[in-house]
Amino acid sequence: ELALKSLGSEGLFLFSSLDTNNDLYLSPEEFKPIAEKLTGVVPVSESEEEEMPDPSGETLSIVAKFQPLVMETMTKSKDGFLGISHVALSGLRNWTAPAAPKSVMLARQFKAFLPPKNKLDLGDPWWIIPSELTIFTGYLSNNRFYPPAPKGKEIIIHKLLSMFHPRPFVKTRFAPQGAVACIQAISTFYYTIAFRIHAEFQLNEPPDFPFWFSPGQFTGHIILSKDSSHVREFKLFVPNNRSLNVDMEWLYGASESSNMEVDIGYLPQMELESTGPSVPSVIHDENGNVIDSRDPSGEPIQFVFEEITWQQDIPWEEAARKLEVAMYPFKKVSYLPFTQAFERAKAEKKLVHSILLWGALDDQSCNHPSASLPLPGSGRTLRETVLESSPILTLLNQSFVSSWSLVKELEELQTNRENEFYSKLADLHLEKYSFPVEMIICLPNGTVVHHINANYFLDITSMKPEDVESSIFSFSSNFEDPSTATYLQFLKEGLQRAKPYLQ
C-alpha cells in the first residue's frame, strides 16, 4: 500500500521488476541493472572471474547472422495491428541487426559443452543447464526487464546469445527450460556435441512494459577437443523450417495480472557460426619464443589442421530426436508430419491421433496463454501432463499414428489444389478446430470420429468427478489423475466409434 502510494502503479511495477526476492528492498545486486544503465559501466562478475581460462589459449571467431521477424506473419498484422500501441512493438521493430555481428571468444570457455564422465555414449543426453520448472512449480514472472547474472555453464550461453540482443534470459519463464546435449560423434581426440537450448529475450526497457520474444528453440553442434583446448567448428541457430517459429508476449499494464497480448510469427534467420577453427592467440617458435602472428610480408600465418577420423557417429536427426525427447518426454511417441501420418495410418490400419494448434507443440512457441486459461498455454499443459503419462504413451503407440499441425500450415494445405486428397484432409480437420488447441481422432481417409477442445478438456478435468455430466466422459477409478483417465477415455471412445468403419 505504502509503496504504491510513494511510487504510483508504474513506479511500483518497475521497482518490483528489480526486486527479485519480493522483500520490498533493493539489494546492490538487484539495483545493478539500473546502475549499469545509468553509468554505462558493466563490472566483471565474480563468476566470470573464477571461470577465466588461460588468456594465452586458443581463440574462436564467431559471426552472428540475423534477419528480423517478418511482421506480416504475425496474426495481429491482418488488421494492421489495430489497437496495439506503437510503443509496445518498438523493441521488436527496432531490432533489425545483431547486437554484436562478430565476437572473439576463448576456446576453453566452450568446455561447458563437454559431456560429464557418465554420459560418454552416443546419443545419451545430459543437461548443460538443468530445467528448474515443472507443471507443479508454475512459471517465472513476466514482470522483468533485466536477466539475472549468469552462473557456471550459463555464462558461455549468455555470452553467445548476447551477440543477438543485450537481454537474453538463459532460463525461460516456462518449462522446459535449460539446455540439453548429447554426443553425436567420437574420435580419438574430439567429440561432436549436438545441443538444444531454450532461451528468450526481453526486447523492451522501462518506461515501456515488458515484451518477451521466445524462439521455438536454439539448436546446433560443436566439434571440440576432449580437453576443450581447441574448437574445430561451432554452429547455433533457430530452425526456420516451419511457417511460425517465435512466440511473443507483451504486457499492457503495470502488474502481473495486466492484460497480456500474445502473438506468433516467423523469424527467417538467427544463427551464430565460427569463421574457422580456433587458433592460438600467442604463437611460439620451436625454441619457445613468442613470434608474430603475421609473416614478414604482413600476411596472417596460415594454420594447418589435421583431419578428424570419426570412430563412431550417429546421424544428426537421431541426435536431435534424443534431445527432443529429453526436453519433451511426450515425444517418446513419434509425431509424424500431417500428410505422412495418414499414409502411415492407412498402411498400418490404425487411426490418426492429431493435435491441431496455433503454435508448435514441441518447442517454446507454444507457451502462449490460451483464450480462457490465464495460466500458461493449454498446449503446454497437455504435453506436460496427459501426453507424457505412461498409459497414454502405451495406447498411442499401440493403436494410433500421431501427428500435430499448425493451423496456418493446414490453411495453406487446404488451398493447395494440386493434391485434392490432402486439401480434403486439411478441410475436415479445420472444420472441427476451435482456438487454441483441438485434439482429433480420425480414420486414414480423414473422417473425424471424435474430437475435443483443449480448453474444454482442461475445464472438465479440473472439476470434481461428480460435477461432470457422466454422459460426456466417465472417470476411471484406476487413475488418480483425472486428466489422464479422461484422455484415455477420449482415445478409447475414438477407437470404439471407428469400429464400424474399420471392419
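Rules and cut-offs
- Residues numbered from 1 in each chain as written.
- Predicted model: local features only at pLDDT ≥ 70, side-chain atom pairs only at ≥ 80, totals over all residues.
- Heavy atoms only, no water.
- Core = buried A, V, L, I, M, F, W, Y, C linked by side-chain atoms within 4.5 Å.
- Buried < 20%, exposed > 50% of the residue type's maximum accessible area, 1.4 Å probe, protein only.
- Domains from an automatic or database assignment.
- Contact = heavy atoms within 4.5 Å.
- Salt bridge = Lys/Arg side-chain N within 4 Å of Asp/Glu carboxyl O.
- Helix = DSSP H or I, 4+ residues; strand = E, 2+ residues; numbered from the N terminus.
- Pairing = 2+ DSSP bridges.
- Axes fitted to C-alpha atoms, helices over the stretch in contact; angles between N-to-C directions.
- Parallel < 35°, antiparallel > 145°, perpendicular 65-115°, else oblique.
- Left-handed = near helix turned anticlockwise from the far one by under 90°.
- Nonpolar A, V, L, I, M, F, W, Y, C, P; charged D, E, K, R; others polar.

**Considering the nonpolar core**
Then, in step 1: In this structure, Tyr335, Ile355, Leu387, Met439, Tyr487 and Leu491 are the most contacted members of the largest nonpolar core, which totals 63 residues.
Then, in step 2: Each of domain 2 (58–324) and domain 3 (329–501) gives at least three residues to this core.
Then, in step 3: Not counting the four nearest positions on each side in its chain, methionine 439 is found in contact with Ser354, Ile355, Leu382, His450, His451, Ile452, Ala454, Phe457, Tyr487 and Phe490.
Then, in step 4: Ile156, Ile157, Leu160 and Phe164 belong to the second-largest nonpolar core, a separate cluster that totals 55 residues.

**Notes on the pattern of salt bridges**
Then, in step 1: As enumerated under the stated definition, the model contains 17 salt bridges in all.
Then, in step 2: A salt bridge links lysine 331 to glutamate 324; the nearest nitrogen and oxygen atoms lie 3.2 Å apart.
Then, in step 3: Because the salt bridges share partners, they merge into one network encompassing Glu132, Glu154 and Lys171.

**Examining the side chain of asparagine 453**
Then, in step 1: Its place among the elements puts asparagine 453 in strand β22 (residues 448–453).
Then, in step 2: The class for asparagine 453 is buried, based on a relative accessible area of 13%.
Then, in step 3: When residues no more than four places from it in sequence are discounted, the contact partners of asparagine 453 are Ser434, Phe435, Pro436, Val437 and Glu438.

**Thoughts on the sheet that holds strand β8 (residues 211–215)**
Then, in step 1: Reading across the sheet, the 5 strands line up as β4-β7-β8-β11-β12 and stay open at both edges, with antiparallel pairing between neighbours. Whereas interior strands pair on both sides, the edge strands pair on one side only; in this sheet they are β4 (168–169) and β12 (260–265).
Then, in step 2: The pairing of strand β7 (residues 200–202) with β8 spans 2 bridges and is antiparallel. Opposite phenylalanine 201, over in β8, you have phenylalanine 213 as the bridge partner.

**A word on the sheet that holds strand β18 (residues 335–336)**
Then, in step 1: The sheet built from 5 strands is open, its strands ordered β18-β20-β19-β21-β22 with mixed pairing. If you trace the sheet from one side to the other, it starts and ends with β18 and β22, each paired once.
Then, in step 2: Lying on the sheet, helix α11 (residues 420–432) is in contact with β19 (351–357), β21 (437–442) and β22; it crosses β21 at an angle near 130 degrees.

**Considering the packing of helix α12 (residues 454–461) against helix α13 (residues 482–502)**
Then, in step 1: With their axes 9 Å apart at the nearest point, α12 and α13 run at an angle of 130 degrees to one another. Relative to α13, the element α12 lies oblique. Crossing of α12 against α13: the hand is right-handed. Two secondary-structure elements touch here, α12 through Phe457, Ile460 and Thr461 and α13 through Pro482, Ser483, Thr486 and Tyr487.
Then, in step 2: When the residues that make up the contact of α12 with α13 are grouped by side-chain class, the tally is 4 nonpolar, 3 polar and no charged.

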